[in-house]
Structure formats: structure tokens, C-alpha cells
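Chains, contacts and geometry: an overview
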Amino acid sequence: MAKSKITLTPDIYFANVCPTLNMNIRSELYSTNEFTFAVAVILSAQATDKKVNEVTPELFKIAPTPDKMLKLGLDGLKKHIRVISFFNNKADNIIKLSTQLKDKNSDDINYKFPKKYHNRVELMKLAGVGQKTANVIMNVLWNAPNIGVDTHVFRNAHRYGWVGMAENTPEKVEEKLLKIIPQKYHAIVNHVMVLHGRYTCKALRPDCEHCPVAKWCNASEKNIL
Ligand code: SF4
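Worth saying up front: this structure is predicted, and the values here are computed from it rather than measured.

Here we take up the overall build of the protein. Helix and strand counts for the protein stand at ten helices and zero strands. Helices (α) and strands (β) of the protein occur, in sequence order from the N terminus, as α-α-α-α-α-α-α-α-α-α. Taking 2.2 N^0.38 as the reference for a compact globule, 225 residues should give roughly 17 Å; the C-alpha atoms of the protein span a radius of gyration of 19 Å, in line with that estimate. Principal axes of the C-alpha set define a box for the protein whose edges measure 55 × 35 × 30 Å. When burial is assessed residue by residue, the protein has 39% of its 225 residues classed as buried.

Attention now moves to the site of the ligand. Around the ligand lies a shell formed by T200, C201, P206, D207, C208, C211, V213, A214, C217, A219, E221 and K222. Class assignment of the residues belonging to the shell around the ligand gives a composition of eight nonpolar, one polar and three charged.

Attention now goes to the nonpolar core. One finds I94 and I137 to be the most contacted residues of the largest nonpolar core, which totals 33 residues. Elements with a minimum of two residues in this core: helix 2 (34-43), helix 3 (49-62), helix 4 (66-81), helix 5 (87-101) and helix 7 (131-142). Of all hydrophobic cores here, the second largest spans 23 residues; its members include F154, V189, M193 and V213.

Interhelical geometry of helix 2 versus helix 7 gives an angle of 145 degrees and a closest axis separation of 10 Å. Considering only the axes of helix 2 and helix 7, their crossing is right-handed. Only T133, V136, I137, V140 and L141 of helix 7 make contact with helix 2, whose side of the interface consists of E34, F37, A38, V41 and I42.

On domain assignment, one finds that the protein holds domain 1 (10-24 + 148-216) and domain 2 (34-111). Centre-to-centre separation of domain 1 and domain 2, based on C-alpha positions: 29 Å.

Before going further, it helps to examine the environment of D11. Tracing the backbone through its elements, the reader meets D11 in helix 1 (residues 10-17). We classify D11 as partly exposed; it has 13 C-beta atoms within 10 Å. Sequence separation between D11 and P182 is 171 residues; the distance between their C-alpha atoms is 7.1 Å.

Cut-offs and rules
One numbering rule holds for all chains: residues counted from 1, following each sequence as written. For this predicted model, a pLDDT threshold of at least 70 governs which residues receive local features, and a threshold of 80 or more governs which side-chain atom pairs are given and counted, while totals over whole chains, interfaces and linings are taken from all residues. Helix numbers and strand numbers start at the N terminus; a helix is a DSSP run of H or I with at least 4 residues, a strand a run of E with at least 2. A radius of gyration in this sense is built from C-alpha atoms; the matching globule rule multiplies 2.2 Å by the number of residues raised to 0.38. Around each residue's C-beta, the other C-beta atoms within 10 Å are counted; 20 or more make the residue buried, 12 or fewer make it exposed, and counts in between make it partly exposed. All C-beta atoms are placed from the backbone. Working rule for contacts: place C-beta from the backbone, and if it is within 6 Å of a molecule or strand, that residue counts as near it. Each residue is assigned to one of three groups, with Ala, Val, Leu, Ile, Met, Phe, Trp, Tyr, Cys and Pro labelled nonpolar, Asp, Glu, Lys and Arg labelled charged, and all others, Gly among them, labelled polar. In these notes, a nonpolar core means any group of buried Ala, Val, Leu, Ile, Met, Phe, Trp, Tyr and Cys residues linked to one another through C-beta atoms within 7 Å. For helices, the fitted line uses only the C-alpha atoms of the stretch in contact; every axis is such a line through C-alpha atoms, and the angle between N-to-C directions lies from 0 to 180 degrees. In this scheme, a crossing is called left-handed if the near helix is turned counterclockwise away from the far one by less than a right angle; it is called right-handed if the turn is clockwise. Any pair of residues counts as being in contact when their C-beta atoms, constructed from backbone geometry, are within 7 Å of one another. The start and end points of each domain follow an automatic or database-based domain assignment.

What follows is the structure, given as C-alpha cells:
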């Protein structure tokens, strides 16, 4: 919970955190093309990027396209991802997604989504693609100004006082953040808040001593004076 006085504004936050991060890498998930990136994002739900990256290099060697994923099949896919949480459900979705994407280009090693999926409503019609997954895919692949609200974005938007008790779902947090964060940052909000939240402003024991916005921060979790 943040104290009532907010001095860490979104402008101050992004202006000072961005220069400390590698902004060329838009996701820490391993991928080889747009299809494998979507598969990696689906696998990362309630799992760490690190865990997902342990299995995907081998999987994507064998199944880098929707056609090859279908060839690998449900049981073959499960064997590769069984260390990932909810692997049964995720495998079902990835096979369904591959079926939905099957067309004349779906065995292209440099697979790109057909243009109609650059739209969130259309993208969310694909199996395994909820709002958060769609936002991350659109941000990273197409620089779209959506805000993917994952655990780090949700926690720290509340921690900094940018959203309140009323914003109790990822959808409501996204709606509020789109209003209060300057538009020039929208496409990078997820990336920046995930990295800063993962390594510095962590859920437990945030590393305030090395935080680039410590002097503006009023969060009650701040552990330096
Ligand atoms: S790491 Fe500490 S100082 Fe930095 S934003 Fe988080 S709580 Fe505030």
C-alpha cells in the first residue's frame, strides 16, 4: 500500500527507470518467430520466464511453426513442457492455436501472424490468448500501445499509488493506467515494470538501495530512508 502523498509519478518513474534497462530486448522469453513467441507467452502464464526458457529452445527446434507443432502432436508437446505449471491445459491450447493458424504460410520458419490478428479482439479468439497474453504479444511484436497487466504491473501500480482499491482486476488496472501514464510510454509499460518489478521493486524485500526512483518513492514497502 502506498502512503497518501504520491510523488513517484508515472513520468518520473519511466524517465528514470528506462535508462537503467536494456530497451532493445523487449522480452526475456526465448523465441524464434512470432508463432514461437506467442507459444512462449502462453507457457509463461503462472510460470517464470526462466522456467519457460529451459524447455523452449529444444521445443522450438522441433516445432517452430504451427504445422510442425501439429506434427509433434499433443502427447509429443506435453513431453517437452511437462515441467511447466498447467502443462496439460497449455498443451491443449497450443495445439488448438496451431490448428486455428493453419494456412498456406503456417510452415514458414519466419512465421508472422496474418494482419487480422494485429487486432486485440481477433487475437483473443485464438486458443490460450487472454487479454494479458494478447497485450504482451501486441506490445512486443507490433509495438502496440496496450498495457499487459501481469503480477509485477498489478502489484507495483498499487504500490506506487497509481491505482487504488477500485482497480482490483488486471482489466481495471489497465484501463486506469492507460489514462494516467503518458501515451509515449504505453507500449513499454509492461516491459519496464516487469523488469524493474522482477529485479528491483520485488514483491518481497524490494532492493530500494539500488532503485533509480528511490528519492521520489513513498511506498510503505520502501526499506531505506
Ligand atoms: S524498489 Fe523501493 S524505492 Fe524503488 S520503487 Fe520499489 S519500493 Fe520504491
